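Results of the structural survey
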Amino acid sequence: MSNPYFNDVGNFGSGMNANPSNGPMKHPPPPQFPSSMTGGSSIPPAPHAQLPHGHTPPPTSYQYNNTQHHPSTNAWPTNQGSMANMPPATSGYNMNGLVGLTPSSGARNSTPPSGPPYSQNMNLSNHVPNSQYSSQNMPPPPISQSTMNQRAGFNPNYSHGGYPSMGSNVPTSAHAPMNAVRSNQPLVPPPMSNTAPYSPNKVHNTMPPPLMGQNINTPLPPTSDNFPKQPPNPTQFHHMQQRPPPSMMQNQLPPPTSEQIPRQMHHPGQHHQPHQPQLLPPVPGAGMPPSVPGPGQYPFSSASGITHGMSNMGIDDKHRPINIMMERRLLPLKKHQQKPLQFEAGPGDRGLIPPKRKNCNTDVFRCTLNAIPNTQALLNKVKLPLGLIIHPFKDLSSLPVISAGTIVRCKRCRTYINPFVNFLDERRWRCNLCFVVNEVPEEFLHHPVTKTYGEPHTRPECTNATLEFIAPQEYMVRPPQPAVYMFLFDVSHAAVETGYLQVVCDALLDHLDHLPGDSRTKIGFLSYNGTVHFYRLAEGSSQPQMLVVSDLDDIFLPTPDSLLVNLRERKELVSDLLRQLPELHEPPDNLSRGEVETQSALGSALQAAQKMMAAFGGRITVFQQSMPTTGPGALKPRENPNSRAGDTATDCLNPSTDFYKKLALDSSAHQVAIDFFFMNSQYIDIATLSCTSRFSAGDLHYYPGLHATHNPVQIERLSRDLDRYLTRKIGFEAVMRIRCTKGIAIHTFHGNFFVRSTDLLALANINPDAGFGLNLSIEESLTDLSSVCVQAALLYTSSKGERRIRVHTMCFPVAKHMGEIFNNVDSDAVVSLLSKMAVDRSITSKISDARDALINAVIDASKAYKETISPGSVDNSLLVPPCMKTFPLMISCLMKHPAFRSGVSTRLDDRVFSMIDLKMQPTCFALQSIHPDLYRVDDLSDEDGLDIDERIVPQPQILPLSAESINRDGVYLLDAGWHMYLHVGPTANREFLQNVLGVKQFSDIEQPMYSLPDLDNPMSETFHNFLEWLQDQRPHYAPMQVVRADSREHYYFMLHMRQDKTESSMSLQEFLQHVQQHLVKK
């Protein structure tokens, strides 16, 4: 039997390659890990609409609304393709790590790309602060290694930052990687300088002589004065070299060939013939070949100037390598959002250039590499994954919404017109993905806002990387479906005893008028224990009628109508039912133990709900507390409580039956998504039950141990989350297609979806909290291109019955040198994608293999970068580019995440949900659980605070996750994503205790304490403003628990100090030393 978690057409993040029915496709490389899959699905394909290719709808009135909308979506029209797994192809990845070369490709010890040597020029004259060094590229005289060590302050007995050297404390087998090296000799720390042994054929960067009177063994930290500086660029571009003359930047028509204009002047997406690149003269102080700026810093100059903005970059302080072994702090002091890539037109540019072009918000769409390698071979050398992280339906404060009779698209690849196309003139535009020249429709020449004519490049479609279209009638093959909601309640004895049913019914009563929808909205209810209960809400009835079906193996609908009713027409009956349900299923007190209903027929209830919803589509919401034990889909316990701290068996991480996966695929075919709310206190096999949500594009929520009396904090979480869940926007019968520039292929998806073809995801529902990831490979050389583009189009039906198309577009430069790529890594996106890949590896192999692969990802990337900036170096410095400064830290924390940790007792359901959460969460929320934020809050200040809605929100510094950050006299707030802790030290400031906690002294703090009094004083107001601001940053409610330093909850607080050593895991410093040790060996 194939693995239903990853195989078949409903691929959940596996590395499978789909072959559409219209012919064979090239085999892209398989995912970095896990290994390739085999098998297919016998489930019938999902029906979907046929897109009127090439058909242009008649012009209609045009409207432009620059407002936020509330969703809806249209099913993507395409022909169904047969899904089959492709044979594995040669890849840049192996099974020994996340990234690395296959045995056939050569080598871990790969040589740097050809070209000018990677070097840094350093004047060896006596060091004088702020002195001007000579700009001549003169190689330094030979220097012995001992002299270099002395100048670097090298001391073999020195342990940086107060951390002890490894010595005999090399990680034990309980937590060390499989290839860990044990040694009885202390690990020698690296020199303080980033120098390599002298080679007469290369120009090396060495530390200057010590200052007068300075101890030669005192480390001299590198500063900007140690390196030659370049004169500021007089142009508007942030370049380190002169801009080419204007004559080289003309946007000629027809597009210039390589003989007419240097390659770096071509417009993004413009296809041209290969040629020999012009070598630029060396720049004093440049340590690498011309490279692009850092992430979010691309001031490109339009058609011909875009590539100019991507080139001619030398190393400056922003790109200077960092030896993280010498860094005491790897975290930024405060959070900052990465700015999207920007493209600016220069004064010398001509032609129709869209103004103020930039990529979409990085919270919506981002790439792991902001400079794309020009070949797969170069990508293999970088040892980092190339992929995308997308949050397509995110709530946006400003979203252009366009209503027009004509939606302009490429006639060949169907790409939507966007800011990165090339206008040849006002009547013609060149697609930036397939390079075909298209005609501009007459209607597109009219600007909807300025009412001007003949300026198509200034329209909203060409100035916004994210926008939404209201689709015309030609995009509809049937009337849009109504909003349909079905709620399923587990009413077994254990479920009813928790008190959840009262909370859910109260929330539904409060929000019946706010459910997304219109006059056609339908609603229905089912409950189940050992039988299935239907609720008939017939017109004219005075009260609801419950119908019980006990035939579970062949479930049927007891009545043909009145089970799914119009909400507006039967609102009174629906309200009566919600008021009666908790009392209806409350067991009498005089029942004996044998009379208590403990069974749960979840499978039969889902089958019945699917039959009721098949004609409409919509959303099924299931509240499950106990394991299904009867009827179809019945399960048996698989967890071994004695092995919770060890390496979980792979079988337990995979579904035990394919019943729920097949049910999900059938539901997806009828445009029905299934959402789950798990509220269990005992094992219920989330690995199996979650298949219904994963393969139907549903959502998952988890409330372990929920109980109205014994665990009220989870009750509060459920109530708050339902407030958002029931009222947030929703899209029905949605599909999402990802299009890439020719030469780039998609080979892996991550998230909750159903795969229809190589680039098309079927999403029965889409919600604003869902995230997706995908891995890319380079099938064809991109040497002839100056940039590549990626476009994601989400088609859906809104709850109001409108067809809408939300489009996100990004553009990136093509890089031919490893240095350019490393200087433009999006570290957060890389960590997010690697976490999704590690989940796949855990499920197909073992968790220990995934942990080893994560470590190898850091080792391989560090080795590749070191070879880039210092080929042949054998020193033991651990160098990273500034944009990857937090990369080792985040990987170290990821290994202590509940999904991958070992040596800590972790319930199987907790581990499985943590894995699923990493797969389906957008980057910002996933990183919050990987590396929680720690703040000191007893001294909050309004200085440098944010002014939000006329209130000042303080912005305290983020502290390292270490016990060294915790003082006895401090109060600390730990934001761990799903929950928060307020840790109070025994000698904490009494003013804070009185003004915020409402107690006089430390011993008066009650335990447990889950709420804070709202006191009328400035300190309390400031703290509550900060706390509310943190809550607003996430889509779910995070309860806060006050933890005294002497309470038992203190253990759970300290468990999040992920930079510290535990009995089964390395500290951050040990992890870095371990990576450093393997760099020397490799």
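None of the values given here were measured: they were computed from a predicted structure.

**A closer look at the sheet that holds strand β11 (residues 428-430)**
With antiparallel pairing, three strands are arranged side by side in an open sheet as β10-β11-β12. With one partner strand each, in any of the chains shown, β10 (422-425) and β12 (437-439) form the two edges of the open sheet. On average, each strand axis in the sheet is inclined to that of its neighbour by 30°, with strand direction left out of account.

**Quick word on helix α14 (residues 827-844)**
The end-to-end C-alpha distance of α14 is 26 Å, a good match for the 26 Å that 18 residues give at a rise of 1.5 Å each. For α14, the buried fraction is high: 16 of the 18 residues fall into the buried class.

**Details of the sheet that holds strand β23 (residues 744-750)**
Strand pairing in a sheet relies on backbone hydrogen bonds. The paired strands run either parallel or antiparallel. The strand order across the open sheet formed by four strands is β6-β8-β26-β23, and the pairing between neighbours is antiparallel. The open sheet has two free edges, formed respectively by β6 (365-367) and β23, since each of these has just one partner strand. Direction aside, neighbouring strands of the sheet carry axes that sit 25° apart on average. Of the strand pairs in this sheet, β6 and strand β8 (residues 387-390) are connected by three bridges, and their pairing is antiparallel. Bridge pairing in β8 places cysteine 367 opposite leucine 388.

**Considering the packing of aromatic side chains**
How two aromatic rings sit relative to each other is set out by the distance from centre to centre and by the angle between their planes. Per the stated rule, a full pass over the model turns up 22 aromatic pairs. Where phenylalanine 677 meets tyrosine 703, the ring centres are 6.2 Å apart and the plane angle is 0°; that geometry is what we call stacked. With a gap of 26 residues between them, phenylalanine 677 in strand β20 (residues 672-678) and tyrosine 703 in the loop between β21 (700-702) and α12 (712-725) connect regions that are remote in the sequence. Here phenylalanine 677 falls in the buried class, since its relative accessible area comes to 0%. Seen in terms of ring centroids, phenylalanine 992 and phenylalanine 1023 are 5.9 Å apart; in terms of plane orientation they differ by 90°. Their pairing is edge-to-face. Taken as a pair, phenylalanine 992 in helix α19 (residues 990-997) and phenylalanine 1023 in helix α20 (residues 1018-1032) lie far apart in primary sequence, 31 residues in all. Looking at phenylalanine 992, the relative accessible area reads 1%, which means it is buried. Here a set of aromatic residues connected by ring pairs shows up, and it is made of Phe487, Phe489, Tyr500, Phe525, Phe623, Phe677, Tyr703 and Tyr725. Here the guanidinium or amino end of arginine 409 rests over the ring plane of tyrosine 416, the centre of that ring lying 4.2 Å away.

**Looking at the pattern of salt bridges**
In the structure shown here, the tally under the stated rule is 35 salt bridges. The partner of arginine 366 in a salt bridge is aspartate 826, with the nearest N and O atoms 2.9 Å apart. Placement of the pair is arginine 366 in strand β6 and aspartate 826 in the loop between α13 (818-822) and α14, with a sequence separation of 460 residues. Here arginine 366 and aspartate 826 have matching classes, each one buried.

**Quick word on the pairing of β23**
Among the seven residues of β23, seven are classified as buried, and the element is accordingly described as predominantly covered. Summarising the sheet, β23 and strand β26 (residues 772-778) pair through six bridges and their orientation is antiparallel. Paired with threonine 748 across the strands is asparagine 775, a residue of β26.

**Regarding the confidence of the model for the protein chain**
In this model, the protein chain carries a mean pLDDT of 75, and residues with pLDDT of at least 70 account for 69%. When the criterion is pLDDT under 50, residues 1-314 qualifies, and its contacts beyond four places in sequence or with other chains add up to 786 contacts.

**Some words on the environment of arginine 1044**
Mapped onto the elements of the fold, arginine 1044 is located in strand β36 (residues 1040-1044). The class of arginine 1044 is buried, set by a relative accessible area of 15%. If we skip the residues at most four places from it in the chain, arginine 1044 touches Val984, Phe1002, Ser1003, Ile1005, Gln1007 and His1050. At 3.3 Å, the side chain of arginine 1044 forms a polar contact with the backbone oxygen of serine 1003. A polar atom in the side chain of arginine 1044 sits 2.9 Å from the backbone oxygen of isoleucine 1005.

**Let's talk about α12**
An ideal rise of 1.5 Å per residue puts 20 Å on 14 residues; α12 measures up with 20 Å between its terminal C-alpha atoms. Close packing links the buried residues of α12 with α5 (500-511), β19 (618-624), β20 and β21.

**Here's the deal with the pairing of strand β34 (residues 971-975)**
Sheet faces and side chains relate simply in a regular strand, where the side chains alternate between the two faces. Judged by how many residues are buried, β34 sits mostly within the fold: five of five residues are covered. Alternating positions in β34 separate into two faces, Val971, Leu973 and Asp975 on one and Tyr972 and Leu974 on the other, with burial throughout. Bridge count for strand β30 (residues 933-936) against β34 is four bridges, and the pairing is antiparallel. The residue of β34 that forms the bridge with aspartate 933 is aspartate 975. What sits between β34 and strand β35 (residues 980-984) in their antiparallel hairpin is a turn of four residues, with glycine 977 showing a positive phi close to 90°.

What counts and how
Residues numbered from 1 in each chain as written. Predicted model: local features only at pLDDT ≥ 70, side-chain atom pairs only at ≥ 80, totals over all residues. Heavy atoms only, no water. Pairing = 2+ DSSP bridges. Helix = DSSP H or I, 4+ residues; strand = E, 2+ residues; numbered from the N terminus. Axes fitted to C-alpha atoms, helices over the stretch in contact; angles between N-to-C directions. Expected span 1.5 Å × (residues − 1). Buried < 20%, exposed > 50% of the residue type's maximum accessible area, 1.4 Å probe, protein only. Phe/Tyr/Trp six-rings, centres within 6.5 Å; stacked < 30°, edge-to-face > 60°. Lys NZ or Arg CZ within 6 Å of the ring centre and 35° of its normal. Salt bridge = Lys/Arg side-chain N within 4 Å of Asp/Glu carboxyl O. pLDDT = per-residue confidence, 0-100. Contact = heavy atoms within 4.5 Å. Polar contact = N/O pair within 3.5 Å; in protein donor to acceptor, adjacent residues only side chain to side chain.

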